Amino acid sequence: RSRMSPAEIGHRAAGASLSDMAAMGAEPICLLAAVGLPDGFADAADLTAGMAEHGVPVAGGDLSRAPARAVAVTALGRAERPVLRSGGRPGDLLVVTGMLGAQAASGYTARVVPRLAEGRALAGVAAAMIDVSDGIATDVRRLAAASGTGAIVELERLRRAPAAAHEQAAAGGEDFEL
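Residue positions are given per chain, counted from 1 along the sequence in the order it is written. Selection of residues for local features in this predicted model requires a pLDDT of at least 70, selection of side-chain atom pairs for listing and counting requires 80 or more, and totals for whole chains, interfaces and linings are taken over all residues. Only heavy atoms go into the side-chain values, all of them from the structure, while hydrogens and water stay out.

Engineer: I'd like a description of the sheet that holds strand E1 (residues 27-37), backed by residues and values.
Structural biologist: Here 3 strands make up an open sheet; going across it, the order is E2-E1-E3 and the pairing mixed. Pairing within the sheet leaves two strands with one partner each, and these edge strands are strand E2 (58-65) and strand E3 (70-78). Here the strands of the sheet are splayed against their neighbours by 15° on average, with no regard to which way each runs. When DSSP locates at least two bridges between a pair of strands, those strands are taken to pair. Comment: elements are numbered from the N terminus, with helices defined as DSSP H or I runs of at least four residues and strands as E runs of at least two. Looking at chain direction, E1 and E2 are connected through 7 bridges and run parallel. Paired with leucine 37 across the strands is arginine 65, a residue of E2. Residue contacts are counted whenever heavy atoms from the two residues lie within 4.5 Å of one another. Every axis corresponds to a line fitted to the C-alpha atoms, with the helix fit spanning only the stretch in contact, and the corresponding angles, defined between N-to-C directions, vary from 0 to 180 degrees. Packed onto the sheet, helix H1 (residues 6-22) meets E1 and E3 and runs at close to 35° relative to E3. In the packing of helix H2 (residues 44-52) onto the sheet, contacts are made with E1, E2 and E3, and the angle to E1 comes to roughly 160°.

Shown next, in the form of structure tokens:
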């Protein structure tokens, strides 16, 4: 809350959930939000407005008083053939949709842009996908474990955000690339 406005918090929470949709090659239908606020509901409209900035309708959820702010967003969507983490095979090429390390280099204040169009486009060709929300160093292990494979990441070949160091690109997280 000290670094982000209520609208930015809503935007980020929805973006994180939509990024999971992108990683399956799915098309989002709507968002559901559960929000707990300690000081009345003054921030609720701004939180919801931030969520809606992604162009996906907020269809419902729950709003309640809570001892601390809490926001959870669930994206509902559909995919003809969802791309799972478990589809990778030995010899597959490991690629990333964009630059990594932007969030870590910015102090985690950059806007989340879920790669929905990219996910749908890759659904026809990618064997497996995951969104890079915890850093590629962590998420590639999850992808490999789900696929029953290993992986080699050539850090020097990763596309990094202009201000990002190699370590921020590898372990920074919150980039939400695929």
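Engineer: How would you explain the side chain of glutamine 103 if you had to name every residue and give the values?
Structural biologist: Relative to the assigned elements, glutamine 103 resides in helix H3 (residues 102-105). Think of it in three bands: residues with accessible area under 20% of the maximum for their type are buried, residues over 50% are exposed, and the middle band is partly exposed, with areas taken using a 1.4 Å probe on protein chains only. Glutamine 103 gets classed as buried once you look at its relative accessible area, which sits at 4%. Setting aside anything within four residues of it in sequence, one finds glutamine 103 in contact with Arg12, Tyr108, Thr109, Ala110, Arg111, Gly173, Glu174 and Asp175.

Engineer: Residues and numbers for H2, please.
Structural biologist: For H2, the complete set of buried residues consists of Ala44, Leu47, Gly50 and Met51. Down the axis, H2 shows its buried residues gathered within 130° of arc, on one side only. For H2, the elements touching its buried residues are H1, E1, E2 and E3. This arc describes the spread of directions from the helix axis toward the C-beta atoms.

Engineer: Can you tell me about the nonpolar core, naming the residues and giving the values?
Structural biologist: Ranked by size, the top nonpolar core spans 23 residues in total, and within it Leu31, Val35, Leu47, Met51 and Val73 carry the most contacts. The leading source of residues in this core is H1, at 5 residues. Setting aside residues no more than four positions away along its own chain, methionine 51 makes contact with Gly10, His11, Ala14, Leu31, Ala33, Val35, Val58, Val71 and Val73. By convention a nonpolar core is built from buried Ala, Val, Leu, Ile, Met, Phe, Trp, Tyr and Cys residues, the set being connected through side-chain atoms within 4.5 Å. Val132, Ile136, Val140 and Leu158 belong to the second-largest nonpolar core, a separate cluster that totals 6 residues.

Engineer: Give a detailed account of the pattern of salt bridges, specifying residues and quantitative values.
Structural biologist: The term salt bridge refers to a pairing of a side-chain nitrogen on Lys or Arg with a carboxyl oxygen on Asp or Glu at a separation within 4 Å. The final tally for this structure, using the stated rule, is 8 salt bridges. A salt bridge links arginine 69 to aspartate 43; the nearest nitrogen and oxygen atoms lie 2.9 Å apart. Here arginine 69, found in the loop between E2 and E3, pairs with aspartate 43, found in the loop between E1 and H2; they are 26 residues apart in sequence, far enough to count as distant. One salt bridge in this structure joins arginine 115 and glutamate 118, with 3.9 Å as the shortest N-O distance. Judged by its relative accessible area of 22%, arginine 115 falls in the partly exposed class. Since its relative accessible area comes to 32%, glutamate 118 is described here as partly exposed. A network of salt bridges, in which partner residues are shared, links Arg115, Glu118 and Glu177.

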